Amino acid sequence: PTSRVRSIPSSTRTPHTRPPMSSLRRTDLLSLAQLRNDGRRPGEIRRMRVQMGPVDPSSACAGSALVRMGLTVALATVRGPVECSRRSDELPDRAVLD
């Protein structure tokens, strides 16, 4: 008697049957490893970097900071104090963000 190898149609495969590794996409691998698309674990946050004073202090700003988190970059500068044109506009306990 000869043995015959027969393939199982994809519609009848059990849920735990996986395709060969060569046909897995990166997103499939990340999903199997329970990772996000950028490779981080579910509870892991992006790396955050802060650079103090990236803007030249001789410019119009009194201070600055550059914050990077993943692909997001924010530059914050501090200028002032600036005199109000009308005394009624003064808010001594607050700051204005532009």
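Scroll up for the structure.
Residues numbered from 1 in each chain as written. Predicted model: local features only at pLDDT ≥ 70, side-chain atom pairs only at ≥ 80, totals over all residues. Heavy atoms only, no water.

A. The arrangement of the overall build of the protein chain in detail. Scanning the protein chain from terminus to terminus reveals one helix and three strands. Residue burial in the protein chain is summarised as follows: out of 98 residues, 7% are buried. (Helix = DSSP H or I, 4+ residues; strand = E, 2+ residues; numbered from the N terminus. Buried < 20%, exposed > 50% of the residue type's maximum accessible area, 1.4 Å probe, protein only.)

B. Examining a nonpolar patch on the surface more closely. On the surface, Ile 45, Met 48, Val 50, Met 52 and Met 69 cluster together to form a nonpolar patch covering roughly 550 Å² of accessible area. Ranked by residue count, the leading element in the nonpolar patch is strand β1 (residues 48-52), at three residues. Residue class for Val 50 comes out partly exposed when judged on its relative accessible area of 49%. (Patch = residues over 30% accessible without salt bridge, like charges linked within 9 Å, V, L, I, M, F, W, Y side chains within 5 Å. Areas by Shrake-Rupley, 256 points an atom, 1.4 Å probe, with all protein chains shown as cover. Salt bridge = Lys/Arg side-chain N within 4 Å of Asp/Glu carboxyl O.)

C. Local environment of the pattern of salt bridges. Tallied over the full model, the rule gives three salt bridges. Residues Arg 86 and Asp 89 are paired through a salt bridge, measuring 3.2 Å at the closest nitrogen-oxygen approach. When the shortest N-O distance is used, the salt bridge between Glu 90 and Arg 87 registers 3.5 Å.

D. Spotlight on the environment of Arg 46. Note on placement: Arg 46 falls in the loop between α1 (26-32) and β1. Remark: the alpha-carbon pair of Arg 46 and Arg 68, spanning 22 residues in sequence, is separated by 9.6 Å. When sequence neighbours within four positions are dropped, the list of residues in contact with Arg 46 reads Asp 38, Arg 40, Met 69 and Gly 70. (Contact = heavy atoms within 4.5 Å.)

E. Quick peek at unusual backbone geometry. Even without a glycine there, the phi angle at Gln 34 is positive, about 55°. Here Gln 34 is to be found in the loop between α1 and β1. Judged by its relative accessible area of 61%, Gln 34 is exposed.

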